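These are the residues of each chain, in order.
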Amino acid sequence: MAIEKYSNKGLGEAKWSFPPVHPEGRKFAVIAAAITAGLAFMAWETLAWPMAAVTIWVLAFFRDPKRVTPLDEKYIVAPADGLVNLIMPVIPPLELQGEGGLGSEEVTRVSIFMSVFDVHINRTPIEGTVTRQAYISGKFLNADLDKASEENERQHFLVERTDGLKVGFTQIAGLVARRIMAFVKEGDFVAAGQRIGLIRFGSRVDVYLPKGTMPNVVVGQRSIAGETIIAVVGEVKEIEGVGQ
């Protein structure tokens with residue numbers, strides 16, 4: 001894929017286009033389309049039309065739009081599209097602690113809930129090397145709940161920059177999510193905003209900010225994966241928002 005660079009000086013030109021469908025979703029779209037065609041062939045229109053809508057929804061669910069990631073080492077970008085539904089101090093998961101991990105002291109966790117209408121391609125918050133990856137099987141509770149971070153099926157990642165800064169984040173399955181996928185593995189070098197995986201059909205992503213960093217987003221705000229700056233490294237100012 002060609003890399004395009006843009007700046008706030010007006011360099012470059014962006015044009016809107018239909019987002020492509022991720023290969024993982026194409027087989028589901030083909031199955032749904034085949035069922036739709038079969039129902040239409042048998043003149044079962046009352047079933048064919050709803051199935052056609054399902055086919056369109058599947059294509060939309062697995063859409064993989066291009067994103068423009070701000071290039072600044074101070075920025076931590078959102079790993080997921082969705083609603084910022086929880087921001088709270090927590091002890092990092094055991095899988096992200098230990099030698100070379102996040103430690104066992106409290107850090108701020110930002111949780112982003114993805115509905116079935118959001119883009120479900122997840123992206124890395126910072127540039128660096130994937131130093132840890134851990135998959136844990138579990139339940140499929142509502143991803144909106146705080147306890148989903150500890151009880152649901154999930155996959156942890158830890159990315160470390162060359163200067164030693166570490167950011168951990170976790171893909172969490174939800175009520176209807178039944179598969180968490182990773183596009184990267186331990187030892188891979190990833191660019192900020194790079195695609196690292198997806199979760200099928202409704203889920204959540206938790207981000208564990210470095211100690212001494214406060215979020216640049218508020219609960220109730222929507223984020224865009226790879227674009228929304230959810231934190232600035234070392235910045236601790238409090239941010240408020242208003243719903244309107």
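Just above, that's the structure.
All values reported here derive from a predicted model rather than from experimental measurement.

Visitor: Is there a simple way to think about the packing of aromatic side chains in this case?
Guide: Tallied over the full model, the rule gives two aromatic pairs. The interplanar angle of 0° and the centroid separation of 5.7 Å between the aromatic rings of F28 and F62 together place this pair among those described as stacked. Of the two residues, F28 sits in helix α1 (residues 23–41) while F62 sits in the loop between α2 (45–61) and β1 (75–77), which places them 34 residues apart along the sequence. F28 gets classed as partly exposed once you look at its relative accessible area, which sits at 24%. Owing to a relative accessible area of 2%, F62 belongs among the buried residues under this scheme. On the numbers, 5.2 Å between centres and 20° between planes, the contact of F157 with F169 is stacked. With F157 in strand β6 (residues 154–160) and F169 in strand β7 (residues 166–173), the pair connects residues that are twelve residues apart, well separated along the chain. An identical accessibility class is assigned to F157 and F169; each is buried. Its guanidinium or amino end placed over the ring of Y75, K74 lies 5.9 Å from that ring's centre, counting from NZ or CZ.

Visitor: Got a minute to help me understand α2 in this structure?
Guide: What sets the pattern is the α-helix's 3.6 residues per turn: residues three or four places apart point alike. With 17 residues, α2 should cover 24 Å at 1.5 Å per step; its first-to-last C-alpha distance of 24 Å lies within 8% of that length. On its buried side, α2 packs onto α1 and β10 (195–199).

Visitor: In this structure, what is going on with the pairing of β7? I would like to understand it.
Guide: Counted residue by residue, β7 has seven buried out of eight residues, so it is predominantly covered. Direction of pairing for β6 relative to β7: antiparallel, over a ladder of seven bridges. Bridge assignment links Q155 to a residue of β7, and that residue is Q171. Taken together, β6 and the strand that follows it, β7, pair antiparallel across an intervening segment of five residues, in which G164 is found at a positive phi of about 95°. With six bridges connecting them, β7 and strand β11 (residues 203–208) associate as antiparallel partners. Following the sheet pairing, G168 is matched in β11 by Y208.

Visitor: For this particular structure, what's the right way to read unusual backbone geometry?
Guide: Leaving glycine aside, a negative phi is the common case for residues, and trans is the common case for peptide bonds. Even without being a glycine, A43 presents a positive backbone phi close to 65°. Here A43 is to be found in the loop between α1 and α2. According to the relative accessible area criterion, A43 is exposed, its value standing at 56%.

Visitor: Is there a simple way to explain the packing of α1 against α2 in this structure?
Guide: Relative placement of two packed helices is described by the angle separating their axes and the distance separating the axes. With their axes 9 Å apart at the nearest point, α1 and α2 run at an angle of 165° to one another. As far as their axial angle goes, α2 and α1 are roughly antiparallel. Along this stretch, α1 crosses α2, giving a crossing that reads as left-handed. For the pair α1 and α2, contact is made by G25, F28, A29, A32, A33, I35, T36, L39 and A40 and by L47, A48, M51, A52, T55, V58 and L59, respectively. Of the residues assigned to the contact of α1 with α2, the class counts are 13 nonpolar, three polar and no charged.

Visitor: I keep staring at the layout of surface pockets and nothing clicks. Help me out?
Guide: With a probe scaled to a water molecule rolled over the atoms, the places where space remains empty come into view. Considering only enclosed or pocket space, the largest pocket measures out at about 1400 Å³ in volume. Forming the walls of the largest pocket are 41 residues, and the residues nearest its centre are E4, K66, R67, V68 and T69. Residues of the lining of the largest pocket, tallied by class, amount to 20 nonpolar, six polar and 15 charged.

Visitor: What should I look at first to understand the environment of T124 in this one?
Guide: For T124, the position within the fold is in the loop between β4 (121–123) and β5 (128–136). Counting along the chain gives 102 residues from T124 to G226, while the straight-line C-alpha distance between them is 7.3 Å. Residues within four places of T124 in sequence aside, it is in contact with V77, V159, F169, V190, A191, A192, G193, Q194 and I196. One polar contact links the side chain of T124 to the main-chain carbonyl oxygen of I126, over a distance of 3.0 Å.

Visitor: Even after reading the chapter, I still don't get the sheet that holds β10, so can you show me in this structure?
Guide: Two strands in a sheet stick together by hydrogen bonds in their backbones, pointing the same way (parallel) or opposite ways (antiparallel). Read from one edge of the open sheet, three strands run β4-β10-β8, paired in antiparallel fashion. The open sheet has two edge strands, β4 and β8 (180–182), and neither has a second partner. Mean inter-strand twist for the sheet, computed between neighbouring axes without regard to direction, equals 25°. The pairing of β8 with β10 spans three bridges and is antiparallel. The residue bridging I180 from the neighbouring strand is I199, located in β10.

Definitions and cut-offs
- Residues numbered from 1 in each chain as written.
- Predicted model: local features only at pLDDT ≥ 70, side-chain atom pairs only at ≥ 80, totals over all residues.
- Heavy atoms only, no water.
- Phe/Tyr/Trp six-rings, centres within 6.5 Å; stacked < 30°, edge-to-face > 60°.
- Helix = DSSP H or I, 4+ residues; strand = E, 2+ residues; numbered from the N terminus.
- Buried < 20%, exposed > 50% of the residue type's maximum accessible area, 1.4 Å probe, protein only.
- Lys NZ or Arg CZ within 6 Å of the ring centre and 35° of its normal.
- Expected span 1.5 Å × (residues − 1).
- Contact = heavy atoms within 4.5 Å.
- Pairing = 2+ DSSP bridges.
- Axes fitted to C-alpha atoms, helices over the stretch in contact; angles between N-to-C directions.
- Parallel < 35°, antiparallel > 145°, perpendicular 65-115°, else oblique.
- Left-handed = near helix turned anticlockwise from the far one by under 90°.
- Nonpolar A, V, L, I, M, F, W, Y, C, P; charged D, E, K, R; others polar.
- 1 Å grid on protein atoms, 1.4 Å probe; cavity = no way out; pocket = protein on both sides within 12 Å on 5 of 7 lines; lining within 4 Å.
- Points joined across faces, edges and corners; volume = space filled by probe spheres on them.
- Polar contact = N/O pair within 3.5 Å; in protein donor to acceptor, adjacent residues only side chain to side chain.

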